Amino acid sequence: MVEHFAVNGGARLSGSVDVVGAKNSVLKLMAAALLAEGRTTLENCPEILDVPLMADVLRSLGCTVAIEGSTVHIDVPADPGAEADYRSVSKLRASVCVLGPLVARCRRAVVPLPGGDAIGSRPLDMHQNGLRKLGATTEIVHGSVTATAGDLHGAQIWLDFPSVGATENILMAAVLAEGTTVIDNAAREPEIVDLCVMLQQMGAKLEGVGSSTLTVHGVAGLQPTTHRVIGDRIVGATWAFAAAMTRGEVTVRGVDPHHIDLVLDKLRSAGAEITTAEQEFSVAMPGRPEAVDFVTLPYPGFATDLQPMAIALSAVAEGTSMITENVFEARFRFVDEMVRLGADARTDGHHAVVRGRPELSSAPVWASDIRAGAGLVLAGLCARGTTEVWDVAHIDRGYPRFVENLSALGADIRRVAGEPER
């Protein structure tokens, strides 16, 4: 069924919202379950489309997966399959993270090149180079990454860029390799730390967790575990931007505010009043936000996933903002849809210049990825009239109960079935 969100602008968001587990963590944790025979249980999982999609990937490898609300049980056989199903893998990018665990457990992996959001090129060169240094042979054949290995051994690995996916795959392969592996220029995102914590619960020996140098002392085997997924900082930050854009007052619970320190500092610069506590924060915007500049960088920099929200905020701010995208080159596709809503925005290479306007105007717009979709809805909250946001399946992949949560905060938004009139 084709659906869209109908958003009536003008509401001031207020109240509180609970955030559950991080999309960018739970999918990798599900893959990590492959490293140990037996039942691994993940708690605080988001009820989003990507979780059952990842479950299908694991089922294609011989696992039994049961999803019970926010809890996922994964039973891994003694001899999991090594070839992931194309139909399952093609639906989400994160499925490539089964590559490292399969090489570690099976010494062989065949993983079709994954699908996911259309936000630019995300090559697997660093994934393959890292696995090769651990002793694997890898190549891309017939649209699949194929890796084989005899004995995996520790290695010194330098990443040209702190890639989250490459760090995860190399880490999950190295935990069962013989000897010590050092990953330099490793990604430092909270989701990487969450993965490391779960691996340590399973028996992995790690040093430097949360730093750019990750040391892995290989062990002979791991055990299944029960783990609680960290709160989703991207979802939490989305609600923070929504509060600031609508001049509202929102308390967000279930997220460590230190995971979005830079976001909250930017919103303070825009005029918001911020208070923080353990696993929660509040954002209150007394007037029209002021323009601030944003530059996306790997963590602890400003997350590329929040770039659409930064542009949406800038579109209604007082003054001119410059947004620089340093991670995914195609993320600025979102700007064309913002212009349909009346935003004064122009792009040039890695930069977007946005001159804020007091109000946007409604229009039908199309989401190209998860975060672009959320950014368009936030812009619709500040637009005169009814904005139709299409391709909302993207949003459902990353935001559980999105419409319900916005409605509870006072937004006038509803999910509508029916074909678009282009």
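Every value quoted in this text rests on a predicted model; they were computed, and no experiment measured them.

Caption draft 1: Representation of the overall build of the protein chain. On a plain count of helices and strands, the protein chain comes out with 14 helices and 25 strands. Referenced to the eigenvectors of the C-alpha coordinate spread, the extents of the protein chain come out at roughly 60 × 40 × 40 Å. Looking at the 422 residues of the protein chain, the share that counts as buried comes to 57%. Of the contacts formed within the protein chain by residues at least 6 apart in sequence, a portion of 73% connects residues at least 24 apart. Total accessible area on the protein chain stands at roughly 15800 Å², and carbon and sulfur atoms take up 46% of it.

Caption draft 2: Focus on the UniProt feature "binding site: UDP-N-acetyl-alpha-D-glucosamine" (unreviewed entry) in the protein chain. UniProt records the feature "binding site: UDP-N-acetyl-alpha-D-glucosamine" (unreviewed entry) at Arg93, Asp305 and Val327, using the numbering of this structure. Within the element layout of this structure, Arg93 appears in the loop between helix 3 (86-89) and helix 4 (99-106). Looking at the secondary structure, you find Asp305 in the loop between strand 17 (294-295) and helix 10 (307-315). Filtering out sequence-adjacent residues up to four positions away, Asp305 remains in contact with Asn24, Ile234, Arg331 and Arg371. In terms of polar contacts, Asp305 uses its side chain to reach the side chain of Asn24, at 3.3 Å.

Caption draft 3: Representation of the pattern of salt bridges in the model. Applying the stated criterion across every chain yields a total of 17 salt bridges. Here Arg59 makes a salt bridge to Asp56, at a shortest N to O gap of 2.9 Å. Taken as a pair, Arg59 and Asp56 lie in helix 2 (residues 50-59) at a separation of three residues, close to a single helical turn. For Arg108, the salt bridge identified is with Glu83, shortest N-O distance 2.6 Å. Residue Arg108 is located in strand 6 (residues 108-112), and its partner Glu83 is located in the loop between strand 5 (71-76) and helix 3; the two are separated by 25 residues in the primary sequence.

Caption draft 4: Region of interest: the environment of Ala411. Structurally, Ala411 can be placed in the loop between helix 14 (402-408) and strand 25 (412-417). Using a relative accessible area of 9% as the deciding quantity, one classes Ala411 as buried. Considering only alpha carbons, one finds Ala411 and Ala291, 120 residues apart in sequence, at a separation of 24 Å. Ignoring any residue separated from it by four or fewer positions in sequence, one finds Ala411 in contact with Ala11, Leu13, Leu381 and Leu406.

Caption draft 5: Region of the structure containing the packing of helix 8 (residues 233-245) against helix 10. At a minimum axis separation of 10 Å, helix 8 and helix 10 run at an interaxial angle of 5 degrees. In terms of orientation, helix 8 and helix 10 fall into the roughly parallel class. For the pair helix 8 and helix 10, the contacting residues are Thr238, Phe241, Ala244 and Met245 in the first and Met309, Ala310, Ala312 and Leu313 in the second.

Caption draft 6: Local environment of the packing of aromatic side chains. Here the structure, examined in full by the defined rule, presents six aromatic pairs. When the ring of Phe241 is compared with that of Phe302, the centres are 6.4 Å apart and the planes differ by 80 degrees; the resulting orientation is edge-to-face. One end of the pair, Phe241, is in helix 8; the other, Phe302, is in the loop between strand 17 and helix 10, with 61 residues separating them in the sequence. Of the residues examined, Phe241 reaches a relative accessible area of 0% and is grouped as buried. Grouped by ring-pair contacts, the aromatic residues Phe5, Trp239, Tyr399 and Phe402 constitute a single cluster. Between Lys266 and the ring centre of Phe294, over which it is positioned, the NZ or CZ distance is 5.6 Å.

Caption draft 7: Broad picture of unusual backbone geometry. Residue Pro300 is bonded to the preceding Tyr299 through a cis peptide linkage, with omega at 10 degrees. The topology assignment puts Pro300 in the loop between strand 17 and helix 10. Although it is not a glycine, Asn185 adopts a positive phi angle of roughly 60 degrees. For Asn185, the position within the fold is in the loop between strand 10 (180-184) and helix 7 (190-201).

Caption draft 8: The arrangement of the pairing of strand 6 in detail. Within strand 6, four of the five residues are buried, which leaves the element mostly enclosed by the surrounding structure. Looking at chain direction, strand 6 and strand 8 (residues 144-149) are connected through five bridges and run antiparallel. Opposite Arg108, over in strand 8, you have Thr148 as the bridge partner.

Caption draft 9: Spatial organisation of the nonpolar core. Membership of the largest hydrophobic core comes to 74 residues, with the highest contact counts inside it found for Met30, Ile74, Val98, Leu171, Val175 and Leu199. Counting 73 residues, the second-largest nonpolar core is a separate cluster that includes Val250, Val283, Ala343 and Val365.

Caption draft 10: Structural view of the sheet that holds strand 9 (residues 156-158). Here we have four strands laid out as an open sheet, ordered 9-10-12-11, and mixed in their pairing. Whereas interior strands pair on both sides, the edge strands pair on one side only; in this sheet they are strand 9 and strand 11 (205-207). Strand after strand, the sheet turns through a mean of 15 degrees between neighbouring axes, direction not considered. Where strand 11 meets strand 12 (residues 213-217), three bridges bridge the pair, whose relative direction is antiparallel. Of the residues in strand 12, the one forming a bridge with Leu206 is Val216.

Calculation rules
- Residues numbered from 1 in each chain as written.
- Predicted model: local features only at pLDDT ≥ 70, side-chain atom pairs only at ≥ 80, totals over all residues.
- Heavy atoms only, no water.
- Helix = DSSP H or I, 4+ residues; strand = E, 2+ residues; numbered from the N terminus.
- Buried < 20%, exposed > 50% of the residue type's maximum accessible area, 1.4 Å probe, protein only.
- Contact = heavy atoms within 4.5 Å.
- Areas by Shrake-Rupley, 256 points an atom, 1.4 Å probe, with all protein chains shown as cover.
- UniProt positions renumbered as here; feature names shortened; annotations may be inferred.
- Polar contact = N/O pair within 3.5 Å; in protein donor to acceptor, adjacent residues only side chain to side chain.
- Salt bridge = Lys/Arg side-chain N within 4 Å of Asp/Glu carboxyl O.
- Axes fitted to C-alpha atoms, helices over the stretch in contact; angles between N-to-C directions.
- Parallel < 35°, antiparallel > 145°, perpendicular 65-115°, else oblique.
- Phe/Tyr/Trp six-rings, centres within 6.5 Å; stacked < 30°, edge-to-face > 60°.
- Lys NZ or Arg CZ within 6 Å of the ring centre and 35° of its normal.
- Pairing = 2+ DSSP bridges.
- Core = buried A, V, L, I, M, F, W, Y, C linked by side-chain atoms within 4.5 Å.

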